[in-house]
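Listed below are the residues making up each chain.
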Amino acid sequence: MDLKCRAVELREKMSLEEKVAQMLQISYSRVSHKEALIFAKMGAGSFLHVMGDDARAIQEEALKSRLKIPVIFGIDAIHGHALNSSSTVFPSPLAMAASFDRNLVKSVARATAREVSEDALHWTFSPLLCIGRDLRWGRISETFGEDPFLIGEMAKVMIEGYQNDGDLKEDNGILACAKHFIAYGESTGGRDSYDSPVPERQLRSLFLPPFQKAIDAGVGSIMAGYQSVDLLPCSANPYLLKDILQKEMGFEGFVVTDWENVRSLIGKQFVAKDIYEASYKAIKSGNHMIMNTPEFYNATLDLVKSGLVEESLIDEAVDRILKIKFDLGLFDNSNKVQTLKNKNNKTKGYIGSKAHEKLNEEITKRAMVLLKNDGILPLFKDEKAPKRIALIGPNADDVMNMLGDWTYFTHPEPKPSNTPKTKVVTLKEGLESLREKYDFDLYYEKVCSTSDLEAAGLKKAIRYAQTCDLVILALGDGLEEYGEEKDRASLELSLGQKAILEAMVEVGTPIVTVLVSSKPLDVYDLAKFSSAMIYGFNWGSLGGEICAKILAGEINPSAKLPISFPRHTGQLPIYYNYLPGWHGGKYVDFHQSQLFEFGHGLSYSKVIYGNLSYSLNFKAQFDEDDPIERLKRSIKTLPNEEYLKGKAIKLSFTLENISDIDCEEVILVYVKDEISSVITPVKELKAFERVSLRAKEKKEVNIEILLEQLCIIDGNYNKVFENGDFTFIINDMQLKLSL
Ligand code: BGC
């Protein structure tokens with residue numbers, strides 16, 4: 001019998017009480033262990049933030065319930081299974097996006113899935129598909145940056161990795177959750193969970209496409225955002241959740257609300273008077289699983305019994321949840337349903353394994369961006385190599401700040417006293433381990449913490465800087481400055497860190513800066529006074545080791561920015577794919593451009609691009625010479641989906657590494673739609689590839705762009721391809737085609 005039928009068959013045996021309980025997701029951090037067991041026995045469908053033996057105990061209880069329906073356990077494993085202190089902590093999603101490396105990112109998701117399932121869990125609330133355009137927002141580190149194409153590609157491979165390429169029932173396949181639906185990052189002013197005033201054309205042009213990719217990749221669950229879009233909370237918006245997501249986009253998995261979304265309809269967003277109205281709205285709008293609002297249970301029973309809510313809506317939610325439980329193998333693969341009783345004492349050894357550590361090294365190498373280098377790096381290449389290095393600043397030796405958000409330090413409750421149980425290397429330790437090899441002395445002074453207003457240890461730092469031939473500044477932000485409910489009004493470095501910079505500039509010793517920072521900060525002055533600058537974001541547990549090796553020249557950096565750096569907070573939001581039409585094109589009192597744009601990233605090698613040519617597998621229909629013909633064409637019915645199918649533009653070009661060291665080059669292909677019926681961005685990323693080149697090697701590269709990728713959302717909200725001129729931009733090469 002197919003799994004959908006098995007789900008329906010099981011649901012038909014369930015009482016109303018059992019069905020509504022199935023829709024509950026209980027937060028283990030909000031109930032006692034005893035209460036959790038009671039919820040399990042009454043048939044709560046899911047729990048979150050519980051691991052290991054606690055989860056096994058809950059599962060054992062669930063299996064004692066009448067229909068023995070297993071619980072599905074969810075966790076925020078967004079850069080590794082990082083809520084577990086024995087796990088492998090990979091770089092933050094933003095850092096991983098800087099790698100532009102689909103294969104590695106997929107492997108990270110695969111490794112995460114192995115660690116999560118070893119802990120008796122089945123579901124991660126990842127990937128996050130929000131677009132990171134307003135850097136004041138506290139959750140930028142969780143995004144894949146500012147570009148919807150990159151976000152969609154990263155999401156796709158992560159989903160494939162987590163969900164084991166569709167074979168979820170295998171031991172280590174876990175359920176992915178695309179979140180937050182939708183436009184959560186677009187909240188006005190970067191204010192977490194505030195209203196996102198996004199009009200429908202923008203929704204369709206920018207925000208839905210990454211979710212469509214996630215759905216096409218088979219994502220089994222989607223999380224409804226906390227916030228409202230155009231004044232309607234996501235969890236109370238049937239047009240978004242039902243009409244668009246479920247009907248139009250074809251999403252067949254289940255929708256889980258974000259944390260307390262239903263309760264928030266009452267006390268935060270004030271669109272419901274009480275839990276009855278809130279539950280009514282949530283069900284009618286197409287939410288299926290209700291995270292952390294257990295009072296939904298009693299209210300919903302009353303709503304159904306009174307006839308206000310059709311039982312068929314409950315049935316639909318339960319069918320979707322059970323279908324995923326069947327997909328996951330919870331009813332068929334006993335290894336997936338771990339209980340204390342059947343706990344296999346021999347663990348598989350995935351959590352924090354050597355193999356995952358190796359993978360972590362590989363992704364971290366490719367996730368660190370060299371933003372500036374006047375030639376000072378690599379450090380140990382000739383007789384000018386520094387002999388005395390001063391390592392100054394709060395993020396040189398801070399484990400919490402390097403790991404970032406959603407780790408055992410931060411969730412489910414903040415626990416700064418936690419200690420990592422796997423290898424962690426800070427920058428200080430990374431440099432120390434190279435001291436003998438390159439024969440230098442290292443003098444370290446933290447000075448202050450990332451958010452301090454005073455630079456207490458400055459005197460010592462100045463003394464070191466005066467007697468050293470290089471200063472490495474390790475600055476950035478700290479956990480108190482980002483994450484949920486930690487939005488910033490200014491991206492400037494703290495006063496303490498500014499004082500460090502000022503003092504170091506005064507001393508005059510050359511400065512190399514390393515930033516361990518959740519997101520781009522205002523580093524205008526810092527960049528100006530630094531001879532070189534490396535951005536590590538939250539670089540995960542091995543970041544210090546890898547960064548030291550990049551400084552030394554043992555690793556050739558290859559990452560590119562997935563997000564733009566402003567020169568000043570007042571420019572926000574600022575992103576590369578901006579729209580034309582701004583009167584004057586700039587602020588009267590400031591630059592209009594970014595300090596570092598999306599796609600920027602240096603290496604120690606030089607790659608030359610050349611010989612750009614193209615071929616089409618279709619006959620272009622556009623007659624660009626005759627203005628009347630052109631107008632006729634543009635007002636005629638436009639080509640439809642059938643017309644677009646399979647049509648592609650193939651771009652061919654050469655890459656030549658003219659340097660003496662091997663490198664990896666990230667190729668970015670942008671397209672500018674020259675004339676369109678609605679305003680389109682000045683350029684948009686349409687393809688990317690990472691290519692490795694040995695020293696002096698020359699390679700031919702072919703990249704295909706589908707004609708369908710050139711569609712826009714027109715005046716009637718239809719996705720259409722409009723004939724006309726398109727300019728393809730690859731590095732310093734351009735090609736205009738009439739299509
Ligand atoms: C966040 C979600 C997260 C959920 C469960 C919420 O606060 O917005 O992204 O998955 O909590 O921890």
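What this report covers is the structure whose coordinates are included nearby. Keep in mind it's a predicted model, so treat the numbers as computed, not measured. (Residues numbered from 1 in each chain as written. Predicted model: local features only at pLDDT ≥ 70, side-chain atom pairs only at ≥ 80, totals over all residues. Heavy atoms only, no water.)

Brief notes about the overall build of the protein chain
- A count of helices and strands for the protein chain gives 23 helices and 25 strands.
- The C-alpha radius of gyration of the protein chain comes to 27 Å, within 12% of the 27 Å expected for a compact globule of 739 residues.
- Taken along its principal axes, the extent of the C-alpha atoms in the protein chain is 80 × 70 × 45 Å.
- Within the protein chain, buried positions represent 62% of all 739 residues.
- Sequence-distant contacts in the protein chain: of pairs separated by 6 or more residues, those separated by 24 or more amount to 77%.
- For the protein chain, the exposed area adds up to about 28,600 Å²; of that, 50% sits on carbon and sulfur atoms.
- The distance from the centre of the 89 positive side-chain charges to the centre of the 105 negative ones in the protein chain is 2 Å. (Helix = DSSP H or I, 4+ residues; strand = E, 2+ residues; numbered from the N terminus. Rg over C-alpha atoms; globule rule 2.2 N^0.38 Å. Buried < 20%, exposed > 50% of the residue type's maximum accessible area, 1.4 Å probe, protein only. Contact = heavy atoms within 4.5 Å. Areas by Shrake-Rupley, 256 points an atom, 1.4 Å probe, with all protein chains shown as cover. Lys, Arg positive; Asp, Glu negative; His and termini not counted. Charge placed at Lys NZ, Arg CZ, Asp CG, Glu CD.)

Section: the nonpolar core
- In terms of nonpolar packing, the biggest core is built from 177 residues, with F47, F181, I182, I392, L473, M504 and L685 touching the most fellow members.
- Looking at this core element by element, the count peaks at 9 residues for helix α7 (residues 148-162).
- Apart from the residues within four sequence positions on either side, M504 is in contact with I392, A461, I462, A465, V471, L473, T509 and I511.
- Among the nonpolar cores identified, the runner-up in size contains 39 residues, and I389, L431, L434 and A548 belong to it. (Core = buried A, V, L, I, M, F, W, Y, C linked by side-chain atoms within 4.5 Å.)

Digging into the sheet that holds strand β20 (residues 684-693)
- Ordered by their spatial adjacency, 4 strands build an open sheet running β20-β19-β24-β25, and the pairing between neighbours is antiparallel. Pairing within the sheet leaves two strands with one partner each, and these edge strands are β20 and β25 (733-738). Each strand of the sheet is rotated relative to its neighbour by a mean of 20 degrees, with strand direction disregarded.
- Sheet analysis places strand β19 (residues 663-673) next to β20, joined by 9 bridges and oriented antiparallel. Along β20, the bridge assignment pairs V671 with E684. (Pairing = 2+ DSSP bridges. Axes fitted to C-alpha atoms, helices over the stretch in contact; angles between N-to-C directions.)

Topic: the sheet that holds strand β5 (residues 177-181)
- Reading across from one edge, β5-β6-β9 is the order of the 3 strands in this open sheet, with parallel pairing throughout. Each end of this open sheet is capped by a strand with a single partner; those strands are β5 and β9 (254-257). The sheet shows a mean angle of 30 degrees between the axes of neighbouring strands, taken without regard to direction.
- Bridge count between strand β6 (residues 221-224) and β9: 4 bridges; the pairing is parallel. If you follow A224 over to β9, its bridge partner there is T257.

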